[in-house]
There are 2 protein chains.
Amino acid sequence: MTNTAALNALFGPQSIAVVGVSRDAVSVGSTIYANIIENGFKGSVFPVNPFIQEFHQKVCYPSVLAIPQTIDLAVVVVPASVVPSVLEEIGKKEIPLAIIISSGFSEIGAEGLNREIHIRTVAKKYKIALLGPNCLGVIHPHEKINASFARTQPIPGSIAFISQSGALGAALLDIITPKGIGLSHFISLGNKADINELNILEYLSSDQTTSVIGLYVEQLRDAKELIAVGKKMATNPNPKPIVILKGGRTKEGTEAVHSHTGSLAGIPEAYSALFDQACMMQAYSTQEFINTLVCFSQNPIPSGNSCAVLTNAGGPAILATDTLISSGVIVPSILGNHNPIDLLGDAQAKEYQEMLSKLESEESVHSILGIVTPQAVTKIADTANAFCIHKKTSKKPLAVSWMGDQIMKEGKEILDMGHIPVSKYPEQTAVMLSNLHKYASMRNQISKTQSEITPSSSLSSSPIDTMDPLSIVKSLGIPVPSYVCVKDIQSIP
Amino acid sequence: MTNTAALNALFGPQSIAVVGVSRDAVSVGSTIYANIIENGFKGSVFPVNPFIQEFHQKVCYPSVLAIPQTIDLAVVVVPASVVPSVLEEIGKKEIPLAIIISSGFSEIGAEGLNREIHIRTVAKKYKIALLGPNCLGVIHPHEKINASFARTQPIPGSIAFISQSGALGAALLDIITPKGIGLSHFISLGNKADINELNILEYLSSDQTTSVIGLYVEQLRDAKELIAVGKKMATNPNPKPIVILKGGRTKEGTEAVHSHTGSLAGIPEAYSALFDQACMMQAYSTQEFINTLVCFSQNPIPSGNSCAVLTNAGGPAILATDTLISSGVIVPSILGNHNPIDLLGDAQAKEYQEMLSKLESEESVHSILGIVTPQAVTKIADTANAFCIHKKTSKKPLAVSWMGDQIMKEGKEILDMGHIPVSKYPEQTAVMLSNLHKYASMRNQISKTQSEITPSSSLSSSPIDTMDPLSIVKSLGIPVPSYVCVKDIQSIP
């Protein structure tokens, strides 16, 4: 049902009606209205509630039909039972898009499902695109649009976040905003009665403000289209990595929300294979999801698979190395030295900065993982500043493990301000950097595969060579044992 | 070399000599001296440095030999090259234990290794037990003893922490102390020239202040003894779970510190099998390690394998369920309802508290995982208090996912004060609870195995039945395909 008008209304509405404001200032409807006004929306906003005449010193309209101008977007926050009739009015008013915040639809079982089918029918009749129901709304920080009831106002940035869970979105906002990390878009999908992640991804593929996309989904309906969209995003000259967190990877996890996504449910490996094919970076936990998004947003994509580990302590460096190696990243000797590069417990800021410079100009290093532990003589703030100075001119991915809490706090804030991705734990830092490396490699693989399987080799009309299928399978990134063609057992090399 | 006198001196010295104090107040020697004095050590402390006459208004002795009383423990903080001669004096003074803080030994390569062999020889000659070299020292918060240069003073608690990496220990102290989580003992092993983790574990097995032990190690020399000690600790009537974090699970991770631990290096699966046999709970990251220790210290061991998930949001509950299921925990229907139990977005503290009570009295529930997300109407502090009230009388393990940062802060502090293990992320909370369940199951398995393999069935002198080995293998917890004994192919059921 989504069309250009609807997507424009979703990403840049000029006029919004909030259907369901109330005298109660902490109600969801009133909160959304306040969020729109207080966050600086430049267009017109119209409160709607048939039982109120005035709202915030403005006329409150009994119905969208009574609003004396064209409306781009209706945000609907009325009881579920009233949504169909409100939607009829939205249709008559020819509003192209409705965000249905209200819950009480398919997420509550059979009765709700019927109601959801009903609103889809109404929406179809009037060609209204629907976001939701049962969602948190949308936020576009660059355009100062906040049509949501999120408690945190995100700052402008380059991460687009699309979530089927509003609560997960709210938590993410509360975690990244204090770090100074911003969003380009926040879109809560809810039950996906109409608009789904694929529509949003299509739109974002040409969005200039977005550099990386985070996607939390529970149900996935069209694997083929997902692969197509993912590949398209990855093979763009200016790729936007997609980081995906899948809820309901196990059968029980899926049943937990009464969702029935079909044959893939309960087969984690099937999802992994799917996301690999779609060149989407799968995160296996909320923490990995958030950290990886931040790491992508603050770093370039690495040009190779080697990482240098720079540390003032052996133990944490071993743990980081274990994780990097397990994730397929190479930790090679560098400059004839051991890697991890241990500056030892008395390392000062100057030594970190000098080694960072050396690693920056060393061709065999494609990313840098820094570790700082609170040793007796560590100058916390100075060392954090050394990383920030390096980051300003660096062209290689950098992430830091800043091991501690209270003592390390000041430095952590400096790193946040310097836009350096940071975790307390060496393994988490290793995971986020590994994900950058993995994405780079998946992307190379896809480009390579597309160029290798040319029509002349795979689709020629003459019979194909016996070994050809194996080479095609291999070029798709599927492991194939090494093989040769031999005439008899003696000629096996 | 460790004997009773040495272990007594390690865990409760009456008199300490600090060899290597200096006029520089921020030097490691002076920091250790200050840590001993300022943290309330009740015994006598003697500063030693031949170049200083007075230190902190006390006599500074030129050598331990000049101290006019018996000394239990010498803490040595002199340049590595001077350590052997200092050790000679310690031997002549008949001090049973020396903690060698100094670095510059086997961790720096061949030259250091020779020096380490040298000090072992001296120690052997005089029967001095050694902790270190290259370590951070020891802290016993209950006895107000801090013979370390850690920057954080831990509070008294029930977690014993033994670490081969001083830096990891320092980071752990800085992370748990602000949460109000305390330690019974903190022991930095360093290079383990003499005293190793097994000596410490033996001692802690009868320590009344310790309820759980955290062990970070890089090198493990005696797998058999490790298994024996682990099993002994687990089959105690009052078991003390051991949580182990192994640095250098991969070949590259091991090489990172020039350590050569032999055949196990680089085979993560071998370590996992070893720790399973030793009934030690393996953590796969620093974060999991710390969280699991905290979760054990604040909870009983669960009596079964079922977990109830209580939430105000679907998405995070699905993610927690996925993780629980993947870790082998059961998430069954409870009270005829779905589990996760979704109190929905408008859930208030009262509803959480009522459901917690119901789950407490429900026999099929063996642990509770709570999730709170920052929804529009969530009362953060009230909800945290509801968990604390429940915790006071609860007999079931409880851990909470408190999803957010800035908005959620107040509640997080309340949960910390209420001694409820908490993580921002649902998967992390699921992992720590799963580890409690896994430990309970490993422990049952070991008790069962020990009782099942009685001499009459496995060690009788008559020939054993063909199927017996399979049943023994099965009883050891190794998966065995289902089998029956048949006479011919037709009789296969």
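Above this text sits the structure in question.
Presented here is an overview of the structure given in this document. Within each chain, residues carry numbers counting from 1 in the order of the written sequence. Ligands are numbered from 1 and chains lettered from A, in the order in which they are written. Given that the model is predicted, a residue must reach a pLDDT of at least 70 before its local features are reported, and side-chain atom pairs must reach 80 or more before they are shown or counted; all residues, however, enter totals for whole chains, interfaces and linings. Values reported for side chains reflect all heavy atoms of the structure, with hydrogen atoms and water molecules removed beforehand.

Some points on the overall build of chain A
If you tally the helices and strands in chain A, you get 17 helices and 19 strands. Radius of gyration means the value over C-alpha atoms here, while the globule rule gives 2.2 Å times the residue count to the 0.38 power. Compactness check: chain A gives a C-alpha radius of gyration of 26 Å against a globular reference of 23 Å for 493 residues, within 12% of the reference. By its C-alpha atoms, chain A is 80 × 70 × 40 Å across when sized along the principal axes. Contact definition: two residues touch when any of their heavy atoms are within 4.5 Å. Contacts in chain A between residues far apart in sequence, at least 24 positions, make up 73% of those at least 6 positions apart. In this description, accessible areas are obtained by the Shrake-Rupley approach with a 1.4 Å probe, and a residue is regarded as covered only by the protein chains that are shown. In the structure as shown, chain A presents an accessible area of about 20000 Å², 54% of it carried by carbon and sulfur atoms. In this count, Lys and Arg are taken as positive residues and Asp and Glu as negative ones, while His and the chain termini are left out. A charge is said to be at NZ when it belongs to Lys, at CZ for Arg, at CG for Asp and at CD for Glu. On chain A, the mean spot of the 37 positive side-chain charges and the mean spot of the 42 negative ones are 4 Å from each other. Only DSSP runs of H or I reaching four residues or more are called helices, and only runs of E reaching two or more are called strands; each is numbered from the N terminus.

Section: the pattern of salt bridges
Residues and elements named next belong to chain A. A carboxyl oxygen of Asp or Glu within 4 Å of a side-chain nitrogen of Lys or Arg is what we treat as a salt bridge. Applying the stated criterion to the full structure yields 16 salt bridges over all chains. Among the ionic pairs, Glu111 bridges to Arg115, the shortest N-O distance being 3.1 Å. Of this pair, Glu111 and Arg115 both sit in helix H4 (residues 110-126), 4 residues apart, roughly one helical turn. Buried residues are those whose accessible area, probed at 1.4 Å on protein chains only, stays under 20% of the maximum for their type, while exposed residues exceed 50% and partly exposed ones sit between those limits. Overall, the relative accessible area of 18% leaves Arg115 in the buried class.

Some thoughts on the relation of the copies chain B and chain A
You can overlay chain B on chain A at an RMSD of 0.1 Å; the transform is a turn of 180° with a shift of 0.1 Å along its axis. The transformation relating the two chain copies, once decomposed into turn and shift, fits a two-fold axis. When each C-alpha of chain B is compared by its distance to the rotation axis, B:Gln287 comes out closest, at 5.7 Å. When the interface residues of chain B are mapped onto chain A, 100% of them are again interface residues, pointing to one common binding face. To line up the copies, we fit them by least squares on C-alpha atoms, keeping just the residues with pLDDT of at least 70 in both.

What about the packing of aromatic side chains?
Aromatic rings from Phe, Tyr and Trp, taking only the six-membered ring of Trp, are treated as a pair when their centres fall within 6.5 Å; an angle between ring planes under 30 degrees marks them as stacked, one over 60 as edge-to-face, and anything in between as tilted. Under the criterion given, the structure shown has 16 aromatic pairs over all chains. Consider the rings of A:Tyr33 and A:Phe55, whose centres lie 4.9 Å apart with planes at 85°: the pair is edge-to-face. Separated by 22 residues along the polypeptide, A:Tyr33 in helix H2 (residues 28-38) and A:Phe55 in strand E3 (residues 54-55) bring together distant segments of the chain. By the burial criterion, A:Tyr33 is buried, and A:Phe55 matches it. Aromatic pair B:Phe11 and B:Tyr203: ring centres 3.9 Å apart, planes at 10°, arrangement stacked. Taken together, the residues B:Phe11 in helix H1 (residues 4-11) and B:Tyr203 in helix H6 (residues 197-204) connect sequence positions 192 residues apart. B:Tyr203 sits in the partly exposed class, given a relative accessible area of 26%. An aromatic cluster is built from A:Phe161, A:Phe186 and A:Phe289, whose rings are joined through pairwise contacts.

Quick word on the environment of A:Ser333
Residue and element names in this part refer to chain A. With respect to the helices and strands, Ser333 occurs in the loop between helix H11 (314-326) and strand E16 (341-342). Note on Ser333: relative accessible area 60%, which makes it exposed. On a C-alpha basis, the gap between Ser333 and Ala308 in space is 8.6 Å, while along the polypeptide they are 25 residues apart.

Brief notes about helix H6 (residues 197-204) of chain A
Residues and elements named next belong to chain A. Where burial is concerned, most of H6 is hidden: 6 out of the 8 residues are buried. All of the buried residues in H6 are Glu197, Leu198, Asn199, Ile200, Leu201 and Leu204. Tucked inside the fold, the buried residues of H6 contact helix H1 (4-11), strand E10 (156-163), strand E11 (183-188), strand E12 (212-217), helix H7 (223-235) and strand E13 (242-246). In this structure Asn196 caps H6, since a side-chain oxygen of it lies 2.9 Å from the backbone nitrogen of Leu198. Polar contact is the term for a pair of N or O atoms within 3.5 Å; when the atoms are in protein, one must be able to donate a hydrogen and the other to accept it, and sequence-neighboring residues count only if both atoms are side-chain atoms.

Re the side chain of B:Gln375
Mapping B:Gln375 onto the fold places it in the loop between strand E17 (367-372) and helix H13 (380-393). Contacts of B:Gln375, omitting those with residues within four sequence positions, involve A:Arg151, A:Ala167, B:Asn312, B:Ala313 and B:Gly345.

Focus: the interface of chain B and chain A
Taken together, the contact between chain B and chain A spans 61 residues of the former and 61 residues of the latter. What counts as buried area is the accessible surface, traced by a 1.4 Å probe, that two parts surrender upon association, with contributions from both included. Between chain B and chain A, roughly 4900 Å² of surface is buried when both sides are summed, and carbon and sulfur atoms account for 64% of that area. For chain B, the biggest contributors to the area lost against chain A are B:Arg151, B:Ile318 and B:Tyr425; these three give 14% of the whole. At the boundary of chain B with chain A, the tally comes to 21 residue pairs in polar contact (both at pLDDT 80 or more). Counting residues per element, the ones that place at least two in the side of chain B that touches chain A are helix H5 (166-176), strand E13 (242-246), helix H8 (251-255), helix H10 (286-297), helix H11 (314-326) and helix H15 (426-452) of chain B. Residue contributions to the side of chain B that touches chain A peak at 9 residues, all from H11(B).

Looking at the packing of helix H5 (residues 166-176) of chain A against helix H10 (residues 286-297) of chain A
Residues and elements named next belong to chain A. Structural elements are reduced to axes, namely lines fitted to C-alpha atoms, with helices fitted over the stretch in contact, and the angle between N-to-C directions of any two is expressed from 0 to 180 degrees. Where H5 contacts H10, the axes come no closer than 12 Å and their chain directions differ by 55°. With respect to H10, the axis of H5 lies oblique. For the pair H5 and H10, the sense of crossing is right-handed. Contact with H5, carried on its side by Leu168, Leu172, Ile175 and Ile176, involves Thr286, Phe289, Ile290, Leu293 and Val294 of H10 and no other residues of that element. When the residues that make up the contact of H5 with H10 are grouped by side-chain class, the tally is 8 nonpolar, 1 polar and no charged. Roughly parallel covers angles under 35 degrees, roughly antiparallel covers those over 145, roughly perpendicular covers 65 to 115, and oblique covers all other angles. Crossings are sorted by hand: turned counterclockwise from the far helix by less than a right angle, the near helix makes the crossing left-handed, and turned clockwise it makes it right-handed. Throughout, the ten residues Ala, Val, Leu, Ile, Met, Phe, Trp, Tyr, Cys and Pro are labelled nonpolar, Asp, Glu, Lys and Arg are labelled charged, and all others, Gly among them, are labelled polar.

Describing the nonpolar core
Throughout this description, the term nonpolar core refers to a set of buried Ala, Val, Leu, Ile, Met, Phe, Trp, Tyr and Cys residues connected via side-chain atoms within 4.5 Å. Counting 208 residues, the largest nonpolar core has A:Leu10, A:Leu201 and B:Leu10 as the members making the most contacts within it. Setting aside its immediate chain neighbours within four residues, A:Leu201 contacts A:Ile162, A:Ile213, A:Leu215, A:Val229, A:Met233, A:Ile242 and A:Met280.

Digging into the sheet that holds E13(B)
All names here are of chain B. Taken in spatial order, the 7 strands of this open sheet run E9-E8-E11-E10-E12-E13-E14, and their pairing is mixed. Strands with a single pairing partner mark the edges of an open sheet, and in this sheet they are strand E9 (145-148) and strand E14 (281-283). Pairwise comparison of adjacent strand axes, ignoring direction, gives a mean angle of 20° for this sheet. Pairing between strands is defined by DSSP: at least two bridges between them are needed. When strand E8 (residues 137-140) meets strand E11 (residues 183-188), the two strands line up antiparallel, connected through 2 bridges. Counterpart to Val138 in the pairing with E11 is Ile187.

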